[in-house]
Amino acid sequence: METVWKRLRLWLDSFPARGATERQQIAVFQVLMLGLMLTVGLAMLLNVLVFGAAALTFSGLWPNLTVLLCLGGALFILRRGRFHAAVWVVIIVILLGAAEELLTSGLSGNEAALVIFFIPITLAGLLIGRRSLALTGAMSAAIVAVSVVLEEIGAPWLLATPAPGQAGATLVVFSLALGLFGFLLSRFGITLQETLRERERAEAALRESEGNYRLLMEQAADGIFIADQEGRYRAVNSKACEMLAYSPDELLRLSLHDVMLEEDLAAAPLRLEDIPAGKTVLSERRLRRKDGAWFWAEINATRLTDGLWQSIVRDITERKRLEETLRASEAELRALFGAMQDPIFVLDATGRYLRVAPTNPARLYRALPEMVGKTVHDILPADIADAFLGYIQDVVATQQRRRVEYSLPVAGETLWFDATLVPLPEDAVFWLARDITERKQAEAALLEGQTRLKLLNGLAISIA
């Protein structure tokens, strides 16, 4: 039974419609059509039960069969995409049935039959429009008026017993009720139409928004995953499938835990429920591909207002490799600088120490923590600082390397340095100072020896 109902629903939903508004109207019309068919079928069954074999004759069957054929024709027209024409078929069938009843039985004693006219009027007002409502009301009033005239002139085929003046009064009351009902229905129909159109516009805007979001997802350079509160994937883009080497259908059968390494989850479990709505959390985890290989991923996770999770995933395997290479290089440089005895600095054009290599602290004028961020004038005597700043600005201006020799009093001892200044990007200077104190001391001793030798030679010549 459930399968039959599903097939019926699919068949009813397959009727063509121009927009969401007409689809809603078609749904209402379909319910009415099914109700009418069921009513006609029950009427035929009751006729058989009450009248027996007489109900199965042509004269007993043709009224109901005619109605069923007309309703079937309306469904055929509706299937062809002619909604308004299908509604008009049903309206005319109902009006003809009511006209046949009044024009053969009369109005007196049959006033209840007038209620039937409100059915086509309602269909015209709700499903077609105000003009159709007015036309249907006019036809209904005309049918009732003709029946009143026939009753007043005493048509011989009428089954009702004429009641003088009663039919005219009924016509007046019916016309007033019809006008009032038509007015109210017109106002309600306008409101309903506006509501349906507004809903159609909202649905169109929603479809456009969803389409734009899907387009952005598919064009994104990063993988995008949408998961529910249990971590099961609900939507993924093509980049996400490419990252994990799954097809979309395969990936939508998995969850967050299926693509993460067990040891990583044991060390750092997922705690999605602790993240408040609207907050973004950035993390780095290893994700497993379909073939079992893993890669490093940067995950930007956000909890959406509807309780779902959106994760933007970027493959950072290459970045991790470069970071590891950089750490190894930095370790090598630190070891190299640690083994070096010569001071190394990076200064900007204002003479500010940007970086100081951790070399032999005994050759620094100040301790390393005191130098970074300070200028040469904060550290050195004014005359030496002025000279250093001149060297730095000359290298920055000419973009040429330069060598200078200078002396500094360090820990009560005068140390001599041979410095090489090399220009760097962003108006910075690399300063490598080699300790040449021993060479200067040797040169001074050599000079002193040569002076003494000259004095001795002069004395020897004088004595001779």
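Everything below is about the structure printed above this text.
This one's a predicted model, so the numbers in the text were calculated from it and none came from an experiment. (Residues numbered from 1 in each chain as written. Predicted model: local features only at pLDDT ≥ 70, side-chain atom pairs only at ≥ 80, totals over all residues. Heavy atoms only, no water.)

1. Some remarks on the packing of aromatic side chains
For any pair of aromatic rings, the description rests on two quantities: the centre-to-centre distance and the angle between the ring planes. Counted by the stated rule, this structure contains 8 aromatic pairs. Pairing F345 with Y353 gives two aromatic rings, centres 5.4 Å apart and planes at 70 degrees, and the pair type is edge-to-face. Since its relative accessible area comes to 9%, F345 is described here as buried. On the accessibility criterion, Y353 (4% relative accessible area) is buried. Positioned over the ring face of W294 is R286, at 4.7 Å from the centre of the ring. The residue whose ring lies beneath K320 is W296, and the NZ or CZ to ring-centre distance is 4.6 Å. (Phe/Tyr/Trp six-rings, centres within 6.5 Å; stacked < 30°, edge-to-face > 60°. Buried < 20%, exposed > 50% of the residue type's maximum accessible area, 1.4 Å probe, protein only. Lys NZ or Arg CZ within 6 Å of the ring centre and 35° of its normal.)

2. What to know about the pattern of salt bridges
Under the counting rule described, the total for this entry stands at 19 salt bridges. Between E242 and K239 there is a salt bridge, and its shortest N-O distance comes to 3.6 Å. In this pair, E242 and K239 are both assigned in helix α8 (residues 238–244), 3 residues apart and thus about one turn of the helix distant. Overall, the relative accessible area of 56% leaves E242 in the exposed class. The partner of R321 in a salt bridge is E318, with the nearest N and O atoms 2.4 Å apart. Within this pair, R321 and its partner E318 are both found in helix α11 (residues 317–339), separated by 3 residues, close to a single helical turn. Residue E318 is classed as partly exposed on the basis of its relative accessible area of 45%. Each of E284, E298, R319, K320 and E323 takes part in a single network of salt bridges with overlapping partners. (Salt bridge = Lys/Arg side-chain N within 4 Å of Asp/Glu carboxyl O. Helix = DSSP H or I, 4+ residues; strand = E, 2+ residues; numbered from the N terminus.)

3. Thoughts on the sheet that holds strand β1 (residues 223–227)
Spatially, β2-β1-β5-β4-β3 is the arrangement adopted by the 5 strands of the open sheet, whose pairing is antiparallel. Sheet topology places β2 (233–236) and β3 (280–288) at the edges, where each strand pairs with a single neighbour. Taken pair by pair, the neighbouring strands of this sheet meet at an average axis angle of 30 degrees, ignoring direction. Pairing analysis gives 9 bridges linking β3 to strand β4 (residues 294–303), with the strands arranged antiparallel. Paired with L282 across the bridge in β4 is N300. (Pairing = 2+ DSSP bridges. Axes fitted to C-alpha atoms, helices over the stretch in contact; angles between N-to-C directions.)

4. Focus: the nonpolar core
One recurring pattern in soluble globular proteins is that nonpolar side chains are buried together. F29, V87, V90 and F117 are the most contacted members of the largest nonpolar core, which totals 28 residues. Contributing elements (two or more residues each) for this core: α2 (20–51), α3 (58–79), α4 (83–105), α5 (118–128) and α6 (130–153). Of all the elements, α4 adds the most residues to this core, at 10 residues. Excluding residues that lie within four positions of it along the chain, V87 makes contacts with F29, L123, L127 and I128. Among the nonpolar cores identified, the runner-up in size contains 27 residues, and V356, I384, I392 and A419 belong to it. (Core = buried A, V, L, I, M, F, W, Y, C linked by side-chain atoms within 4.5 Å. Contact = heavy atoms within 4.5 Å.)

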